[in-house]
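Inside the fold
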There are 2 protein chains.
Amino acid sequence: MNVKLCEQYLAPFFGEEELAPYLARAAEARRQLAEGDCPGREFLGWQHLPETIDPAEVERILAAAEQIRRESDVLIVVGIGGSYLGAHAAIEFLQGPLHRLEPGAFQVFFAGCDLCGGQLEELIRLCETKRVSLNVISKSGTTTEPAMAFRVLRQWMEKRYGAEETARRIWCTTDREKGVLRQMARREGYGSFVVPGDIGGRYSVLSAVGLLPMAAAGIDIRRVLAGAAAACRELEDAGPHNPACRYAAIRNLLYGRGRKVELFASYEPRFAVMGEWLKQLFGESEGKEGRGIFPASATFSTDLHSLGQYLQEGTRQVFETVFWFERGAGEWTVPRDEEDLDGLGFLAGRTFRQVAWQALQGTMLSHTEGGTPNLLFTLPDMGEESLGSLIYFLELACAVSGLVLGVNPFDQPGVEGYKANMFALLGRPGYEERRAQLLKRL
Amino acid sequence: MNVKLCEQYLAPFFGEEELAPYLARAAEARRQLAEGDCPGREFLGWQHLPETIDPAEVERILAAAEQIRRESDVLIVVGIGGSYLGAHAAIEFLQGPLHRLEPGAFQVFFAGCDLCGGQLEELIRLCETKRVSLNVISKSGTTTEPAMAFRVLRQWMEKRYGAEETARRIWCTTDREKGVLRQMARREGYGSFVVPGDIGGRYSVLSAVGLLPMAAAGIDIRRVLAGAAAACRELEDAGPHNPACRYAAIRNLLYGRGRKVELFASYEPRFAVMGEWLKQLFGESEGKEGRGIFPASATFSTDLHSLGQYLQEGTRQVFETVFWFERGAGEWTVPRDEEDLDGLGFLAGRTFRQVAWQALQGTMLSHTEGGTPNLLFTLPDMGEESLGSLIYFLELACAVSGLVLGVNPFDQPGVEGYKANMFALLGRPGYEERRAQLLKRL
């Protein structure tokens, strides 16, 4: 198993007998998922996706990615929430935040994930001199943010390339049959991929939703899928006491003890966007019916100099879930310096990673002593297989955890509220009544 | 006053009479700060810094920045925590995350704020072909992360430029008299600036700590200081019932009602790093003695598609503090489209900002209805003066809030724990005893 759960820092907080009832509920949740016998059962397609994804679909994704890289310098991915977070997280995890600055690097940008015109304007300015392809990702095609950005970018590309070439440069990932974006794809002749109907946005990164941007970025998606498939198999073989179920049980035990904030942390700047992906995965799956752990994220040791004080001595409501990678990009050592003015001589010859590992251990001991529980996940490296395994592991752990909590981990009824109010205030046809009510309240 | 506090969305949660006792404590805290009669009184230098900063010091900063921009394409800022967050936040707020990708843009990079060798290696690779200056910021010079990065970068520059030119390209910001970095500056002849002795790291952004990187980035620091000075004056004239005190009182009231997580949010991707700065400012100031609000941050509407579900329906432990800017970079409008396949016709001709404002109102109404209190700060624009005003406003609000909470807002005893453990585990001379204890626990 690529993903190992280390519980040694939890010892002061609870014993195995206290965990047992939560483990039993996690095992039951696991059974429900396996048998499709749970709330949200219509959205369980992610469970076997890594093993069942159609090889022909993967071939089509790779062919599209190859064409995109051949004909373009930049891919603009238009999507919001689950339609962009997974790909963004995976690309940054594997290539790092500085990659797109490298001369000649193929660049992937994300648009339509906010309502900032200035950001879009700057992106277009940056791309004026580059060859551009676009991947618009939206199940319905009517989500406001990506639809606005797509309208702007489509018209910009049509001016630049003409209708025909634009059509060849635009790729849609949307519902198989229904929706505006599917209609547009048919009519304009855009290349298109499918958002599986039985997979919700936040569980969709291993479908075409995440795989096309990843492949276009130059990532070996076959290795990502292989890592996910391996985790899927191993977690099944491990039975009910697999580490994903243990993690789900531990989270719920801590939650029951008043630990209502979980801080996802790693010592890798490359993991930062994975933290954002985790916030959506867990926050949107569990935050309902007045329940759920608030998901936060941090990059250590950076944020030990911002949140560290709070974690050590603040309100005892947080637990930390830390991800460690035994190998990573670059293994620099601290150089020798005869004069040793800075007093770092005792570190000379050590790799940065060795220092970071001691920082991790020192921090866990210190925060544990301060009363903040720490979980530790370790992975062998920061490669494609490890990423695939980690993604699948976390998806399963999240689904199990939500069921243990007693909610439907696959819906998000609360996201509609702001949209409906926004449409009403913007005067969208059909929202007149709500508009009248809201204006009274303003 | 550039910073306006809008309380209309708080009405369902408490009345003025319930706020009154907190306001009284905030007024008392304000008096304590003004008279230097509070815990941490030795760190109140930030209070009048915008008005009292030595014009000659500002001149020296501007001259250094001009030399850096003339002789370099890149400035690498080496620092961690308060030694880099403020400058990073200010530069991203004013120039945006895509700025450094623009052809010919002067680039500012941050190093020594983590323990990632791969990141440092990639930064060096990116800079091999560019002219580089370096600003190392550390009060003592012995903080591990920046000291490690500085040792690597110094040797890399000396190989590249030779000792003499390297000395002209390195700028230290450190203690006036004491410490390793001051010694090195004297001995190597580095240009140097002072970290004021009476200002803690997280309150230091308007000193040379933040001003030199900002100026090197091309920011008009005089306008930033002018905005801060204006806020300083106006908050004094406003007396005890100024909006900073009201904000401090409201936060503490909500905290007392079990709202122990504050989400700082804006609709501007450019504000994201300001969110990181806010986490340090408030988290490190208040997270002690088992108390304090956990600080989190988000960018809307992006994160309405990740945290939105939780904010609408999750555990009722969060309140939102939202920052809105009436004008910003770029005012794009949604273009017309005869066919209107995407159904966005009702938005055609509106600016993105107008849509975002309706999203903000719709979200606040929806989250408020869901039981999540929302505070709203509005600023006229995203310019230098507004930024300066906002920084000063938030520093004062944080100091007042910490005193209302009953803690010392100017110390961070809990940050030492992980450092001492790390040193012990790394075998630093002088930590033998702790090392032995820790090894037993591992």
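Residues numbered from 1 in each chain as written. Chains lettered and ligands numbered in written order. Predicted model: local features only at pLDDT ≥ 70, side-chain atom pairs only at ≥ 80, totals over all residues. Heavy atoms only, no water.

1. Focus on the overall build of chain A
Definition in use: A run of H or I in DSSP becomes a helix once it reaches four residues, and a run of E becomes a strand once it reaches two; helices and strands are each numbered from the N terminus. Each residue is placed in one exposure class: buried if its accessible area under a 1.4 Å probe, protein chains only, is under 20% of its type's maximum, exposed if it is over 50%, and partly exposed if it falls in between. Should any heavy atoms of two residues lie within 4.5 Å, those residues are considered in contact. Shrake-Rupley sampling with a 1.4 Å probe provides the accessible areas, and residues are treated as covered by the protein chains on show and by no other component. Neither His nor the chain ends is counted toward charge; the positive residues are Lys and Arg and the negative residues Asp and Glu. All charge positions are set by atom: Lys at NZ, Arg at CZ, Asp at CG, Glu at CD.
Across its full length, chain A carries 16 helices and 10 strands. Taking the principal axes of its C-alpha atoms as reference, chain A extends roughly 60 × 60 × 50 Å. Burial status across chain A gives 68% buried among its 442 residues. Within chain A, residue pairs in contact and separated by at least 24 positions form 79% of the contacts whose partners lie at least 6 positions apart. Summed over its atoms, the accessible surface of chain A is roughly 14300 Å², and 49% of this surface lies on carbon and sulfur atoms. Distance between charge centres in chain A, computed from 48 positive and 58 negative side chains, equals 6 Å.

2. Description of the pattern of salt bridges
Keep this limit in mind: What makes a salt bridge here is a side-chain nitrogen of Lys or Arg within 4 Å of a carboxyl oxygen of Asp or Glu, nothing more.
Throughout the structure, instances matching the rule amount to 68 salt bridges over all chains. Across the pair R151 of chain A and D340 of chain B runs a salt bridge, and its minimum N-O distance is 2.7 Å. Of the two residues, R151 of chain A sits in helix α6 (residues 144-169) while D340 of chain B sits in the loop between β9 (318-325) and α13 (352-370), which places them in two different chains. With a relative accessible area of 29%, D340 of chain B lands in the partly exposed category.

3. A word on the packing of helix α15 (residues 416-425) of chain A against helix α16 (residues 432-441) of chain A
Residue and element names in this part refer to chain A. For the record, the criterion: As a rule, the C-alpha atoms of each element are fitted with a line to give its axis, helices using only the stretch in contact, and angles between N-to-C directions run from 0 to 180 degrees. The scheme is simple: roughly parallel for angles under 35 degrees, roughly antiparallel for over 145, roughly perpendicular for 65 to 115, oblique for anything else. Under the scheme applied here, ten amino acids are nonpolar (Ala, Val, Leu, Ile, Met, Phe, Trp, Tyr, Cys and Pro), four are charged (Asp, Glu, Lys and Arg), and all others, including Gly, are polar.
As a packed pair, α15 and α16 sit with axes 8 Å apart at the nearest point and diverge in direction by 90°. In terms of orientation, α15 lies roughly perpendicular with respect to α16. Each of G417, A420, N421, A424 and L425 in α15 lies in contact with α16, whose residues at this interface are R434, R435, L438 and L439. Residues belonging to the contact of α15 with α16 are distributed by class as follows: five nonpolar, two polar and two charged.

4. Re a negative patch on the surface
All names here are of chain A. Short version of the rule: Excluding any residue in a salt bridge, patches collect residues exceeding 30% relative accessible area, merging like charges within 9 Å and nonpolar Val, Leu, Ile, Met, Phe, Trp and Tyr side chains within 5 Å.
A contiguous patch of negative charge, built from E51, E234, E236 and D237, is present on the exposed surface. For the negative patch, the element with the highest residue contribution is helix α9 (residues 221-237), accounting for three residues. With respect to the helices and strands, the residue E234 is situated in helix α9. Overall, the relative accessible area of 32% leaves E234 in the partly exposed class.

5. Some details on the packing of aromatic side chains
All names here are of chain A. This is how the line gets drawn: Here is the rule: rings of Phe, Tyr and Trp (six-membered ring for Trp) pair when centre to centre is within 6.5 Å. Planes less than 30 degrees apart are stacked, more than 60 are edge-to-face, and the remainder are tilted.
Under the criterion given, the structure shown has 44 aromatic pairs over all chains. Measuring from centroid to centroid gives 6.2 Å for Y247 and F282, while their planes differ by 75°, and the two rings are edge-to-face. Residue Y247 is located in helix α10 (residues 243-256), and its partner F282 is located in helix α11 (residues 272-286); the two are separated by 35 residues in the primary sequence. Each member of the pair Y247 and F282 is classed as buried.

6. A short note on the sheet that holds strand β10 (residues 374-379) of chain A
Residue and element names in this part refer to chain A. Where we set the bar: Two strands pair under a simple rule: DSSP has to find at least two bridges between them.
Spatially, β1-β10-β9-β7-β8 is the arrangement adopted by the five strands of the open sheet, whose pairing is mixed. Each having just a single partner strand, β1 (4-6) and β8 (294-299) make up the two edges of the open sheet. For this sheet, the mean inter-axis angle between neighbouring strands, taken without regard to orientation, is 25°. Here three bridges tie β1 to β10, and the two strands are oriented antiparallel to one another. Across the sheet, the residue bridging to L5 is F377, located in β10.

7. Side note on the sheet that holds strand β6 (residues 191-194) of chain B
What holds strands together in a sheet is hydrogen bonding between their backbones, with the strands either parallel or antiparallel. All names here are of chain B. As summarised here, the arrangement of the five strands in space is β3-β2-β4-β5-β6, forming an open sheet in which the pairing is parallel. The open sheet has two edge strands with one neighbour each: β3 (107-111) and β6. Strand after strand, the sheet turns through a mean of 20° between neighbouring axes, direction not considered. In this structure, strand β2 (residues 74-78) lies alongside β3, joined through five bridges in parallel fashion. Its bridge partner being in β3, L75 is matched across the sheet by V108. Against the sheet, helix α5 (residues 117-127) touches β2, β3 and β4 (132-137), its axis set at about 155° to β3.

8. Quick word on the interface of chain A and chain B
We apply this condition: Accessible area that two parts lose when put together, with a 1.4 Å probe and added across both, is what the buried area reports. Polar contact criterion, stated in full: a pair of N or O atoms within 3.5 Å, where within protein one must be able to donate a hydrogen and the other to accept it, and residues adjacent in sequence count only if both atoms are side-chain atoms.
In this complex, chain A contributes 132 residues to the contact, which on the side of chain B involves 132 residues. Around 11200 Å² of area is buried between chain A and chain B when both sides are counted, 63% of it from carbon and sulfur atoms. Seen at the junction of chain A and chain B, the total is 14 salt bridges. Across the salt bridge formed by R187 of chain A and E339 of chain B, the nearest N and O atoms sit 2.5 Å from each other. Between the two partners, chain A and chain B, sit 54 residue pairs in polar contact (both at pLDDT 80 or more). Of the residues forming the side of chain A that touches chain B, the biggest block, 11 residues, is contributed by helix α13 (residues 352-370) of chain A.

9. A closer look at unusual backbone geometry
Backbone torsion omega between F300 of chain A and S301 of chain A reads -5°, so that peptide bond is classified as cis. Its place among the elements puts S301 of chain A in the loop between β8 and α12 (308-313). For D340 of chain A, which is not a glycine, the phi torsion comes out positive at approximately 55°. The backbone phi angle of E289 of chain B is positive, close to 55°, even though this residue is not glycine. By secondary structure assignment, the location of E289 of chain B is in the loop between α11 (272-286) and β8 (294-299). The class of E289 of chain B is exposed, set by a relative accessible area of 52%.

10. So, the packing of α10 of chain A against helix α14 (residues 384-405) of chain A
All names here are of chain A. Under the convention used in this document: A crossing counts as left-handed when the near helix is turned anticlockwise from the far one by less than a right angle, and as right-handed when that turn is clockwise.
Two numbers describe how α10 lies on α14: the axes approach to 8 Å, and their chain directions differ by 45°. What the angle tells us is that α10 and α14 run oblique. The hand of the α10/α14 crossing is right-handed. Of the residues in α14, those in contact with P243, A244, C245, Y247, A248, R251, N252 and Y255 of α10 are F393, L394, L396, A397, V400, S401, V404 and L405. Across the contact of α10 with α14, the residue classes tally to 13 nonpolar, two polar and one charged.

11. Considering the relation of the copies chain A and chain B
Heads up, the rule is: Overlaid copies result from least-squares superposition on C-alpha atoms, with residues included only where pLDDT is at least 70 in both.
Expressed as a screw operation, the relation of chain A to chain B combines 0.0 Å of axial shift with a rotation of 180°, fitting to an RMSD of 0.0 Å. With respect to symmetry, the two chain copies, as superposed, fit the operation of a two-fold axis.

12. Things to note about the nonpolar core
Threshold: Among buried residues, the Ala, Val, Leu, Ile, Met, Phe, Trp, Tyr and Cys ones that are joined through side-chain atoms within 4.5 Å form a nonpolar core.
By size, the foremost hydrophobic cluster in this structure holds 141 residues, and its most contacted members are I76 of chain A together with I76 of chain B. When sequence neighbours within four positions are dropped, the list of residues in contact with I76 of chain A reads F109, A111, L123, C127, V132, S133, L134, N135, L153 and W156 of chain A.

13. Details of the pairing of strand β4 (residues 132-137) of chain A
Residue and element names in this part refer to chain A. Within β4, six of the six residues are buried, leaving the element largely enclosed by the surrounding structure. Both faces of β4 are covered, namely the face carrying V132, L134 and V136 and the face carrying S133, N135 and I137. Pairing analysis gives five bridges linking strand β2 (residues 74-78) to β4, with the strands arranged parallel. Opposite V78, over in β4, you have V136 as the bridge partner. In this structure, β4 lies alongside strand β5 (residues 170-174), joined through four bridges in parallel fashion.

14. What to know about the environment of R435 of chain A
Residue and element names in this part refer to chain A. Here R435 lies in helix α16. Considering only alpha carbons, one finds R435 and M422, 13 residues apart in sequence, at a separation of 9.1 Å. In contact with R435, other than residues within four places in its own chain, are A424, L425, L426 and G427. Here the side chain of R435 touches A424 through a polar contact of 3.1 Å, landing on its backbone oxygen.

15. What to know about the side chain of Q280 of chain A
Of note, Q280 of chain A is situated in helix α11. Of the polar contacts made by the side chain of Q280 of chain A, one reaches the backbone oxygen of H305 of chain B; its length is 3.0 Å. Discounting residues that sit within four places of it in the chain, Q280 of chain A has contacts with G81, G82, L85, R202 and S285 of chain A together with H305 and S306 of chain B.

16. Remarks on the confidence of the model for chain A
A low pLDDT score tells you not to read the predicted coordinates there in detail. For the record, the criterion: Each residue carries a pLDDT score, the predictor's own confidence in it, on a scale running from 0 to 100.
Counting all residues, the mean pLDDT for chain A is 96, and 100% of those residues have values of 70 or more. Reported confidences for the modelled complex are a pTM of 0.98 and an ipTM of 0.97.

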